[in-house]
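Below are the chains, spelled out letter by letter.
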Amino acid sequence: MEEKVAVYPGSFDPITYGHLDIIKRALKIFDKVIVAVAHNYDKKSLFTHTERVEMIQDALKGHPNVTVESFEGLLMEYMKGTNARVVLRGLRATSDFEYEYHMASMNRSLNQEIDTLFMVTGKDYFFVSSRTIKEVASLGGSVEGLVPKNVAQKLREKFAQQKRGQKS
Ligand code: ADP
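Student: Explanation requested: the site of the ligand in the structure shown.
Tutor: In the region of the ligand, 17 residues are neighbours, and Y8, S11, K43, G90 and T121 sit closest. One of the side-chain N or O atoms of S11 is found 2.5 Å from an oxygen atom in the ligand. R92 places a side-chain nitrogen or oxygen 3.3 Å from a nitrogen atom of the ligand. Of all the secondary-structure elements, those providing two or more residues to the shell around the ligand are β1 (5-10), α1 (17-26), β4 (86-91) and α4 (94-110). Classifying every residue of the shell around the ligand gives six nonpolar, six polar and five charged.

Given below as structure tokens:
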């Protein structure tokens, strides 16, 4: 039987428990999930691409059916090199819907073989986004329970580093 594979694309700057919840639930439907980390040169990220990939790999140790890959440019072009026919996206609130709906429709017009599947966020993570996590962490707030431990540590290091940079 054909292997069921889904690609979960995103910036993951950084990965949160919201993302991990989607991945773990998707593993109950798909044989394999590829987390595809976007290499966006025009989108300013806090963590480098390598740091983002390493944090995901670390957080997903013990899940052999998940692989972490990188892509740049059009997602639909990247998909051609995989055996996946499904793009997985998470939906938190209605505010996510419009952008995601347009993106999914655009991707479908680019490649009719690929479908986008939306999973609604777990109740504990609907307010969690990489952006708010970075905001809270930059102000010294606790993000415990919202991101994996390795990510919380990396956030502390990154903002301490930035503060030292500002002083010198
Ligand atoms: P992008 O930059 O492509 O929006 P993100 O890394 O922010 O990438 O998010 C990747 C995907 O995960 C998106 O579909 C986003 O809506 C979803 N997502 C982000 N946070 C959560 C969460 N807390 N619960 C469910 N889905 C989420």
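Student: Where do I start with the pairing of β1 in this structure?
Tutor: Side chains on a regular strand alternate between the two faces of the sheet. Counting buried positions along β1 yields six of six residues, so the element is predominantly enclosed. The side-chain alternation of β1 yields two buried faces, one formed by V5, V7 and P9 and the other by A6, Y8 and G10. In this structure, β1 lies alongside strand β2 (residues 32-38), joined through six bridges in parallel fashion. Paired with V5 across the strands is K32, a residue of β2.

Student: Mind showing me how you'd approach the nonpolar core here?
Tutor: For soluble globular proteins, nonpolar side chains are generally found buried alongside one another. Counting residues in hydrophobic clusters, the biggest one holds 35 residues, and the most contacted among them are I23, I56 and L155. Of all the secondary structure elements, the ones that give two or more residues to this core are β1, α1, β2, α2 (49-59), β3 (66-71), β4, α5 (130-138) and α6 (149-167). In this structure L155 touches P14, L46, F47, I133, K134, A137 and V143, once residues within four positions along its chain are discounted. Of all hydrophobic cores here, the second largest spans 13 residues; its members include A38, F71, Y78 and I114.

Student: Help me understand the side chain of H19, please; the structure alone is not making it clear to me.
Tutor: When you line up the elements, H19 lands in helix α1. A relative accessible area of 16% places H19 in the buried class. Beyond its immediate chain neighbours, meaning those up to four positions away, H19 contacts Y8, F12, P14 and S130.

Quick notes on the rules
Residues numbered from 1 in each chain as written. Predicted model: local features only at pLDDT ≥ 70, side-chain atom pairs only at ≥ 80, totals over all residues. Heavy atoms only, no water. Near = heavy atom within 4 Å. Polar contact = N/O pair within 3.5 Å; in protein donor to acceptor, adjacent residues only side chain to side chain. Helix = DSSP H or I, 4+ residues; strand = E, 2+ residues; numbered from the N terminus. Nonpolar A, V, L, I, M, F, W, Y, C, P; charged D, E, K, R; others polar. Buried < 20%, exposed > 50% of the residue type's maximum accessible area, 1.4 Å probe, protein only. Pairing = 2+ DSSP bridges. Core = buried A, V, L, I, M, F, W, Y, C linked by side-chain atoms within 4.5 Å. Contact = heavy atoms within 4.5 Å.

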